[in-house]
Amino acid sequence: MAAAEAEAEDATWKSSDEVSADRFSDLPAHIVHDIMSLLPTGDATRMSAVSKTFESMWRSFPIIDLDLYLFKSSSHKLRVGNFLNYLSNTIQSRQIETSVEKFRICVRFIHPRHYRLFNKAISYALDKGVNEFHLDMDLRGFYRVPAAIENAKSITNLSLQGCRLNLSGVLLGCPAIENLRIIRCEILTDNVKFSSHVIRTFELQESYGMKGNQINSSTLQVFKFTEFPEDCVIMLSNPETLRFLSVTGAVVTDKWFQDNVSKACLMESLELSRNTMLTDVKLSSANLKSIVFRECTAVNKIEFGSMNLHSFIYAYMQPSKVNVDCFRNLKNLELNYSDSNQVMANAIVSEMPGLERLTLEGCKGLKMVEICHKHLKNLQLKYCINLTFVKIDTPGLVSFTYRGRLLPLHLINCKPLLVDAEFSFWIEAVSVGKLFFDLRNMISQFDHTKSLTLRFSYGEVSSSRILLIICLSFYVSRLIICLIMNFSLLYFR
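The following refers to the structure shown. (Residues numbered from 1 in each chain as written. Predicted model: local features only at pLDDT ≥ 70, side-chain atom pairs only at ≥ 80, totals over all residues. Heavy atoms only, no water.)

## Some words on the overall build of the chain
Convention followed: Strands are runs of DSSP state E lasting at least 2 residues, helices are runs of H or I lasting at least 4, and numbering of each runs from the N terminus. Only protein chains enter the accessibility calculation, which uses a 1.4 Å probe. A residue is then buried if its area is under 20% of the maximum for its type, exposed if over 50%, and partly exposed in between. Whether two residues are in contact is decided by their heavy atoms, any of which lying within 4.5 Å being enough. In these tables, accessible area is a Shrake-Rupley quantity obtained with a 1.4 Å probe, and a residue counts as shielded only by the protein chains included in the view.
Across its full length, the chain carries eleven helices and 29 strands. Evaluated residue by residue, the chain yields a buried proportion of 45% over its 493 residues. A separation threshold of at least 6 residues defines the contact pool for the chain, and within that pool the share at least 24 residues apart is 37%. For the chain, the exposed area adds up to about 24,400 Å²; of that, 53% sits on carbon and sulfur atoms.

Structure follows, in structure tokens:
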């Protein structure tokens, strides 16, 4: 009797498993494809071995993702061999009627004799009307993008990396492109001119071979241009639609800025880096929220008309005349390796009642820092080598970071909310008594924090002596302390 009941129970379980399997197999193909799209390529491929139903689903899967580094082998040669076999089998096993929504190839250090196989896979994707096309062929510029891409009417998202290409041909032959990314490529066209009424994002990064780029688009919202070795001139015929602009290393003059940026009334984010010709910056976009200036060494005047500015980053530049009226609602301010003096820093901070994050890094002109702010939550003082005194009165402070020489530090009304504190000290030749006294006074001001991180680098002071002083100084603390001793790769003399 008991044996019969056990057999009946086993049969019930088997029936239940079969029903569950059938239920999954009976799902519509598009739902199974959505599930497969959430899995890594290897896992999605292994599903095809489960049953004939899953094999059929895999053969009709509209996403082809081929990444060399998803194949793990003991040597690069074996990895390349497995990858090429998988690439060939993937193309051959696809159902004839299957369309391709997304196609991606990512390879490194492949011999040119295998390029024909890549071209075959690319042609297959183009023939199937691919919409999203990503080609990451970091092969040191030897791989020439097939000419078929220059006539791909179906592509809406195109990303090319590490290739040689005719950019003018791509832009003219792919009228449906909405998002275009060109990274570390050789552009085989000196001057690129194109007009589009659908493109929204255009990124040119770390490429070479192009001397001029003229863009006429009434839909362009994001334009990012980075690091052309040649002096490349960029012209934006319709900048009124731009919301994000980032330019690094291009020819930017006052006239260019006035013609291409000042007219961008919808601009929300502006980044300018490595420019030596721009002197006056005037921008009146009411939507402007973020500004970044890095290594624009000739700038001497900055004026913004936006009262909604939330973030301002000013790095590796000389002090400029800055209109602080637009900083009333600023939440993030970073001054990095600029010759900001005491008056400039205090004046800017005092005009920002809503400031929440402040970073002062490498500001040689700062000698004394006194910060009194009700809403400041994050404060970072880094490598201000002439700093001798710090006084902080910030009742809302949550995180504090200091990197530099050990110096007098005074915290007022900072204990209620302060959670994390991090210090990186350079210990110079001082007396043991003074070092012990300074460390004890500093640590005693953080007995309320949850985490205190200390990093030490030393010069002429013995590391073992510093370690002894630090251990003696901790008797004043009741914290959970993370102590990181950085004695030149933990070498103790």
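## A few points about helix 6 (residues 115-127)
Just so we agree on the cut-off: Expected span of a helix: the number of residues minus one, times 1.5 Å.
Spanning 13 residues, helix 6 covers 18 Å between terminal C-alpha atoms, matching the ideal 18 Å at 1.5 Å per step. Within the span of helix 6, buried status applies to Tyr-115, Phe-118, Ala-121, Ile-122, Tyr-124, Ala-125 and Leu-126. Elements in contact with the buried residues of helix 6: strand 1 (63-67), helix 5 (76-93), strand 2 (102-108) and strand 3 (132-138). Phi turns positive one or two residues past the end of helix 6, at Gly-129, with a value near 70 degrees.

## Structural notes on the environment of Met-57
Structurally, the position occupied by Met-57 is in helix 4 (residues 52-59). For the pair Met-57 and Pro-28, spaced 29 residues apart in the sequence, the C-alpha separation amounts to 10.0 Å.

## Considering the pattern of salt bridges
Cut-off, in case you're wondering: Basic side-chain nitrogens of Lys or Arg form a salt bridge, by our definition, when they fall within 4 Å of a carboxyl oxygen of Asp or Glu.
Within this structure, the stated rule accounts for 14 salt bridges. With a shortest N-O distance of 3.1 Å, Arg-104 and Asp-67 are connected by a salt bridge. Separated by 37 residues along the polypeptide, Arg-104 in strand 2 and Asp-67 in strand 1 bring together distant segments of the chain. Overall, the relative accessible area of 23% leaves Arg-104 in the partly exposed class. We classify Asp-67 as buried; its relative accessible area is 12%. Between Glu-422 and Arg-455 there is a salt bridge; the shortest N-O distance is 2.6 Å.

## As for the sheet that holds strand 12 (residues 233-236)
The line we're drawing: In this description, strands pair whenever DSSP reports at least two bridges between them. Here an axis means a line fitted to C-alpha atoms, over the contact stretch when the element is a helix, while the angle between two N-to-C directions is reported on a 0 to 180 degree scale.
Strand order in the open sheet formed by three strands is 8-10-12, and the pairing between neighbours is parallel. Among the strands making up the open sheet, the edge pair consists of strand 8 (191-196) and strand 12. Neighbour to neighbour, the strand axes of the sheet diverge by 5 degrees on average, direction disregarded. In this sheet, strand 12 lies alongside strand 10 (residues 212-217) in parallel orientation, the contact comprising four bridges. Residue pairing for strand 12: Gly-212 is matched across the bridge by Val-233.

## A few points about the packing of aromatic side chains
The test is simple: Pairing of aromatic side chains here covers Phe, Tyr and the six-membered ring of Trp, requires ring centres within 6.5 Å, and sorts the geometry by plane angle: under 30 degrees stacked, over 60 edge-to-face, intermediate tilted.
Scanning the model with the defined rule gives 13 aromatic pairs in all. With a centroid separation of 5.6 Å and an interplanar angle of 85 degrees, the aromatic rings of Phe-194 and Phe-202 are classed as edge-to-face. The same class applies to Phe-194 and to Phe-202, which are both buried. Ring-pair connections join several aromatic residues into one group, and the members of that group are Phe-194, Phe-202, Phe-223 and Phe-225.

## Quick look at the sheet that holds strand 26 (residues 409-412)
What the three strands build is an open sheet, ordered 22-24-26; its pairing is parallel. Each edge of the open sheet is held by one strand with a lone partner, namely strand 22 (368-372) and strand 26. If you compare each strand with its neighbour and ignore which way they point, the axes differ by 5 degrees on average. With four bridges connecting them, strand 24 (residues 389-393) and strand 26 associate as parallel partners.

## What to know about unusual backbone geometry
Backbone geometry at Arg-184 places phi at a positive 50 degrees, although glycine is not the residue there. Its location among the elements puts Arg-184 in the loop between strand 6 (179-183) and strand 7 (186-187). Of note in this structure, Glu-206 is not a glycine but carries a positive phi near 55 degrees. Looking at the secondary structure, you find Glu-206 in the loop between strand 9 (201-205) and strand 10. Residue class for Glu-206 comes out partly exposed when judged on its relative accessible area of 40%.

## Considering the nonpolar core
Note the following rule: Buried residues of nine kinds, namely Ala, Val, Leu, Ile, Met, Phe, Trp, Tyr and Cys, make up a nonpolar core once their side-chain atoms join them within 4.5 Å.
Membership of the largest hydrophobic core comes to 125 residues, with the highest contact counts inside it found for Phe-103, Phe-118, Phe-133, Leu-167, Phe-293, Phe-400 and Phe-423. If one sorts the elements of this core by residue count, helix 6 sits on top with seven residues. Phe-103 has contacts with Ile-64, Leu-66, Ala-121, Ile-122, Ala-125, Val-130, Glu-132, Phe-133 and His-134, leaving out every residue within four places of it along the chain.

## Describing the environment of Thr-279
The condition is simple: Two N or O atoms count as a polar contact when they lie within 3.5 Å, although within protein this holds only if one can serve as hydrogen donor and the other as acceptor, and sequence-adjacent residues are included solely when both atoms are side-chain atoms.
Following the sequence through the fold, Thr-279 ends up in the loop between strand 14 (269-275) and strand 15 (280-283). Taking the relative accessible area as the measure of exposure, Thr-279 reaches 23% and is therefore partly exposed. Taking the C-alpha atoms as reference points, Thr-279 and Thr-253, 26 residues apart in sequence, are found 7.6 Å from one another. Those residues in contact with Thr-279 that lie beyond four places of it in its chain are Asp-254, Ala-298, Val-299, Asn-300 and Lys-301. Among the polar contacts made by the side chain of Thr-279, one reaches the side chain of Asp-254 at a distance of 2.4 Å.

## Focus: the state of the cysteines
How we decide: Here, the term disulfide refers to a pair of cysteine sulfur atoms separated by no more than 2.5 Å.
Counted according to the given criterion, the structure contains zero disulfides. Of the cysteine sulfurs around Cys-185, a residue in no disulfide, the closest is that of Cys-163, at 4.9 Å. Its relative accessible area of 0% is what places Cys-185 among the buried residues. Cys-363 forms no disulfide, and the closest cysteine sulfur to it belongs to Cys-384, at a distance of 4.8 Å.

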